[in-house]
Amino acid sequence: MYNKSKRLRTYLLVLILLCSTVGKSQDLTWTEVAPGVWKATAGIPDKFDLLSAAESKPAMEALGRLGTGTFPLPKGEIAAEIIDGKTMLRFPLMKEERLYGFGLNFKTVQQRGKILQLHVDHYGGTDNGRTHAPVPFYVSSQGYGVFVNSARYITVYAGTAVRKDSPNAPEPKDRNTDKKWNSQPYSDAVEMVVPTTGTDIYLFAGPTPLDAVRRFNLFNGGGCLPPRWGLGFTQRVRSLFTADQVMEEAKAFAEKGYPLDFIGLEPGWQSKSYPCTLEWDKSRFPDPVGFVKTMQAMGIRLNLWTNPYLSPDSPIYGNLKSLSGTHTVWGGIVPDLTLPEARKIYSDQLLKDQISIGISGYKVDECDGYDRWLWPDVAKFPSGNSAEQLRQTYGVMLQKMTSDLYRRQNSRTFGLVRASNAGGVSLPYVIYNDYYSHEDFITALINSSFSGVLWTPEVRGSKTGEEWVRRMQSVCFSPMAMINAWSDGTKPWSFPEVEKEVKAIALLRMQLMPYFYSEFAKYHFEGTPPFRAMNLEPGFAAKVQTELKNSNLSENPYAEAVTKEVKDQYMAGEYLLVAPLFKGQTERTVILPQGKWYDFYTGILAGEGEVIKVTAGLDKIPVFVKEGGIIPMMPPVLHSPAKGEKFDLEIRCYGNKPASYELYDDDGETFDYEKGLYSWRRITVAIDKKGKLAGSVSKPLKGLPDNLGNVTWKFMTR
Ligand code: GAL
């Protein structure tokens, strides 16, 4: 009785509040919730949103180090209104402003002029908002970010709509006579429909676009720090491989001298899949414990594929049935992962016979789409959260649930997932998909940096050796160096004509581990994406802007949405600029930002703030190093260094100026770094008394990790 009247009272209160907000523009009160991060609430937000699904916690100390910023937009020009049970938002846009982000797009980097519906889905070939990580966050070239924390299908008008009361509304033009008529007249706002009664909105200060991205990442907990082995090479074997075949494959890698840190088992490790049992198939894997041990002895970890939908033959089906949604996927139940008891049952199954016997991670498949496969929006879940909310967050919840299991064992993981969203930044997962355009994979890698997610341009098959080596080269300059041979069993050496080149790039990946590991630490501690769009690189925007000025912007006042897209080159860490070649290409142009840039392989000056033409044989992917670049490298080993194992360092230095680099070190496997057990080693290059460059590496404080063996120096620019 008491509960009933209490519920009624709450209901009435919500109703009154709702009525008082409906149809009214909302007074947005902005509170600085972290240095340079402001929050306002429009209407009455859902209880369950993107950040609560990810359970992310702001990295306040790191945000503090970035310092305060100025509120980035004119407050009076940000508007919110609740109409028809939906929240309408408006943010101002300046004339030459460009917009980046809105999730993992594959074909375009610049998003101004787009209409998107942000909806977790398997990417279907069009940048329309339906993608693996439709993160409602955008970054402006003016150096600020906007985030809408709602787990709803948000519709975005990214500078497309024109209000009649806008002070900037363009003059209508006569199409009959005026050549300057444009089908998409100038719009001075980003507008959004959030289909619910309210939402929290966040603004992130700059001053640069990269600063806004850093704040967004840190606000969501900071980037994940993979274990060292996660940055090694990984091979996913054919679906129905047996334990013996997997061991044979690992042996072949060792015999042929190809690096390998972990192997991914695909659906066949489970007794049934699509829907899954989450249980070993005893005919293919009769002794999982022995198998995992043998692999470990060979220096190889194992990652297990799964999708979340449970077969009636799964041992946890019975317990989860009443905790799952009304609809099935491939006949499997969909656990309501917003319920702690459902998560517990699921987690226990992963711990038992998998994590507890040494499985090092998961590939969480099929949490993205397509609509015709996944649960429909009419589905109901026992928690009362909607099908839409679960769709937007399922991938994030799976990442959180699985990574928590590893945290509990004080052991880091690094896995794969096909769906993510805001809050995913601190979860150690890389997104992949079934789409296979090499060019678009690189654009996705670029866009991942605006959305707090990681992306791998995974390699599966190729028609020719040339395509194979080009794809291998770019995957080795990405967050996860992986061949996914689940369907065709391809191996790195499958194309004998380029075997040498493929081996060289896989070993180069291993050599770059100290550099990439440090860059991931910067993702974690500073929020800087390890693989980034050129638009986030200082001195690049200026270059592109000059080019724009010389092209169409000044000629066509309506062309704000048109900018030169640079979607085929990117930054890998602080200093490397990567310019992949694609099938059929022997040369390409590369835009070098301001400052001097050197060829990575030779140290020769390549150019300075200019567009250059490069040619590269099959043995090289064009890579350039910024002036003062210091690249710490290790020997071309076949497995990443284990906990406590020392490794030698070859430090390559580019240019002729004094420079420095922060090298990160910890045990590479556990979460002890969170207790302060890590060191930053300062690498310094100075000019000595004889006028020559000389390098030194600082010692770590007593008791802090020190995994460096011999250090040698290579001054690449003579
Ligand atoms: C797909 C996935 C592939 C592979 C395959 C196995 O959904 O994207 O990478 O794992 O399932 O059936």
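Numbering of residues starts from 1 in each chain and follows the order in which that chain's sequence is written. In view of the model being predicted, local features appear only for residues whose pLDDT reaches at least 70, and side-chain atom pairs are presented and counted only at 80 or more, with totals across whole chains, interfaces and linings using the full set of residues. Side-chain numbers come from the whole structure's heavy atoms, not from hydrogens or water.

Notes on the overall build of the chain
Numbering of helices and strands starts at the N terminus; helices are DSSP runs of H or I of at least 4 residues and strands are runs of E of at least 2. Helices and strands together make up the secondary structure of the chain, namely 14 helices and 35 strands. Note on method: radius of gyration uses C-alpha positions; expected globular size equals 2.2 Å times residues raised to 0.38. Rg of the C-alpha trace for the chain: 26 Å, near the compact-globule value of 27 Å for 718 residues, within the 12% margin. Referenced to the eigenvectors of the C-alpha coordinate spread, the extents of the chain come out at roughly 70 × 65 × 55 Å. A 1.4 Å probe rolled over the protein chains alone gives each residue an accessible area, and that area as a share of the maximum for its type sets the label: buried under 20%, exposed over 50%, partly exposed in between. Out of the 718 residues in the chain, the part that is buried amounts to 61%. Put simply, 74% of the contacts in the chain that link residues at least 6 apart link residues at least 24 apart. In this count, Lys and Arg are taken as positive residues and Asp and Glu as negative ones, while His and the chain termini are left out. Where a charge lies is defined by one atom per residue type: Lys uses NZ, Arg uses CZ, Asp uses CG and Glu uses CD. Distance between charge centroids for the chain: 2 Å, based on 84 positive and 79 negative side chains. Every residue pair with non-hydrogen atoms within 4.5 Å of one another is taken to be in contact.

So, the site of the ligand
Whether a residue is near a molecule or strand depends on its heavy atoms: it is near if one of them lies within 4 Å of it. Every residue lining the ligand is accounted for by E266, P267, Y274, W305, K363, D365, E366, R418, Y432, D434, N484 and W486. Residues adjacent in sequence count toward polar contacts only when both atoms are side-chain atoms; beyond that, a polar contact is any pair of N or O atoms within 3.5 Å, and within protein one must be able to donate a hydrogen and the other to accept it. Between the ligand and E366 there is a distance of 2.8 Å, counted from an oxygen atom to a side-chain nitrogen or oxygen. Within the contact set of the ligand, an oxygen atom lies 2.9 Å away from a side-chain nitrogen or oxygen of N484. Method for areas: the Shrake-Rupley scheme with a 1.4 Å probe, in which residue coverage is limited to the protein chains shown. Out of a free accessible area of 310 Å², the ligand has 95% covered by protein chains. Class assignment of the residues belonging to the shell around the ligand gives a composition of 5 nonpolar, 1 polar and 6 charged. Polar here means any residue other than Ala, Val, Leu, Ile, Met, Phe, Trp, Tyr, Cys and Pro, which are nonpolar, and Asp, Glu, Lys and Arg, which are charged; Gly is therefore polar.

Topic: the packing of helix α12 (residues 499–511) against helix α13 (residues 513–526)
Two packed helices can be described by the angle between their axes and the distance between those axes. α13 packs onto α12 with a crossing angle of 55° between their chain directions and a minimal axis gap of 5 Å. It follows that α12 is oblique to α13 by the angle criterion. When α12 is examined against α13, the residues R509, M510 and Q511 are found in contact with a partner set consisting of M513, P514 and F516. Each residue belonging to the contact of α12 with α13 can be placed in one class, and the counts come to 4 nonpolar, 1 polar and 1 charged. Helix axes are fitted to C-alpha atoms over the stretch in contact, other axes to C-alpha atoms as well, and angles between N-to-C directions run from 0 to 180 degrees. Relative orientations are named as follows: roughly parallel for angles under 35 degrees, roughly antiparallel for angles over 145 degrees, roughly perpendicular for angles from 65 to 115 degrees, and oblique for any other angle.

So, the sheet that holds strand β11 (residues 189–194)
Sheet strands line up and pair through hydrogen bonds in the backbone, either parallel or antiparallel. When DSSP locates at least two bridges between a pair of strands, those strands are taken to pair. Spatial ordering of the open sheet is given by β3-β4-β11-β10-β6-β7, a layout of 6 strands whose pairing is mixed. At either margin of the open sheet sits one strand with a lone partner, and together these are β3 (79–83) and β7 (130–131). Pairing of β3 with strand β4 (residues 86–92) involves 5 bridges; the strand directions are antiparallel. Its bridge partner being in β4, I83 is matched across the sheet by K86.

What about the pattern of salt bridges?
Any carboxyl oxygen of Asp or Glu within 4 Å of a side-chain nitrogen of Lys or Arg constitutes a salt bridge here. Applying the stated criterion across every chain yields a total of 47 salt bridges. A salt bridge links E467 to R471; its shortest N-O distance comes to 2.9 Å. Here E467 and its partner R471 are both found in helix α11 (residues 465–475), 4 residues apart, which amounts to about one turn of the helix. We note that E467, like R471, is buried. Note that E627 and K657 form a salt bridge whose closest N and O atoms lie 3.7 Å from each other. Taken together, the residues E627 in the loop between β29 (623–626) and β30 (630–633) and K657 in the loop between β31 (647–653) and β32 (659–665) connect sequence positions 30 residues apart.

Describing the packing of α11 against α12
Running from N to C, α11 and α12 point in directions that differ by 5°, and their axes come no closer than 9 Å. Taken as axis vectors, α11 and α12 run roughly parallel relative to one another. Of α12, the residues touching α11 (which contributes W468, V469, M472, Q473 and V475) are E501, V502, I505 and R509. A breakdown of the residues in the contact of α11 with α12 according to their chemical character gives 6 nonpolar, 1 polar and 2 charged.

Description of the packing of aromatic side chains
In this scheme Phe, Tyr and Trp rings, the latter by its six-membered ring, pair at centre separations within 6.5 Å, and the angle between planes marks the pair as stacked below 30 degrees, edge-to-face above 60, and tilted otherwise. Throughout the structure, instances matching the rule amount to 51 aromatic pairs. Their ring planes at 55° and their centres at 5.4 Å tell us that W280 and F285 sit as a pair that is tilted. Judged by its relative accessible area of 6%, W280 falls in the buried class. Its relative accessible area of 1% is what places F285 among the buried residues. Centre to centre, the rings of W330 and W373 are 5.8 Å apart; their planes meet at 50°, and the pair counts as tilted. Of this pair, W330 sits in the loop between β16 (324–329) and β17 (332–335) while W373 sits in the loop between β18 (361–364) and α9 (387–408), and the two are 43 residues apart along the sequence. For W373, a relative accessible area of 32% gives the class partly exposed.

Some words on helix α6 (residues 288–297)
Think of an α-helix as 3.6 residues a turn; residues three or four steps apart then line up on the same face. Along α6, the positions that sit buried rather than exposed are P288, G290, F291, V292 and M295. In this structure, the buried side of α6 is in contact with α5 (243–256), β14 (262–265) and β15 (301–306). Remark: G299 follows α6 within two positions and exhibits a positive phi of approximately 85°.

Describing the sheet that holds strand β13 (residues 233–236)
Read from one edge to the other, the open sheet built from 7 strands follows the order β20-β19-β18-β15-β14-β13-β21, with strand pairing classed as parallel. Across the chains shown, the open sheet's two edge strands, defined by having one partner strand only, are β20 (429–431) and β21 (481–484). Strand-to-strand twist across the sheet, computed as the mean angle between neighbouring axes with direction ignored, equals 25°. Here 4 bridges tie β14 to β15, and the two strands are oriented parallel to one another. Pairing of I263 across the sheet is with L302, part of β15.

As for α11
Most of α11 sits inside the fold, with 10 of its 11 residues counted as buried. G465, E467, W468, V469, R470, R471, M472, Q473, S474 and V475 are the residues of α11 that are buried. Check the buried side of α11 and you find it contacts β13, α10 (438–448), β21, α12 and β23 (570–572).

Considerations on the pairing of β15
The buried count for β15 comes to 5 of 6 residues, which makes it a mostly enclosed element. Orient the strands so they point away from the viewer, and a crossover whose first-strand-to-second-strand path over the helix runs clockwise is right-handed. In this fold, the crossover linking β14 to β15 by way of α6 has right-handed handedness. With 4 bridges connecting them, β15 and β18 associate as parallel partners. Opposite L304, over in β18, you have Y362 as the bridge partner.

Quick notes on the nonpolar core
Among buried residues, those of type Ala, Val, Leu, Ile, Met, Phe, Trp, Tyr and Cys that are joined through side-chain atoms within 4.5 Å constitute a nonpolar core. In this structure, L265, W375 and F477 are the most contacted members of the largest nonpolar core, which totals 177 residues. By residue number, the principal contributor to this core is α9, which donates 9 residues. L28, L118, Y144 and V156 belong to the second largest nonpolar core, which has 29 residues in total.

Describing the environment of M401
When you line up the elements, M401 lands in helix α9. Dropping the residues within four chain positions of it, M401 is found in contact with L337, R343, Y346 and S347.

Things to note about the pairing of β29
Where strand β24 (residues 576–578) meets β29, 3 bridges bridge the pair, whose relative direction is antiparallel. Bridge pairing links L577 to F624 in β29. Pairing analysis gives 3 bridges linking strand β26 (residues 596–599) to β29, with the strands arranged antiparallel. Considered in β29, the bridge of D599 is made with F624.

In short, shape yes, function no, at least from these values alone.
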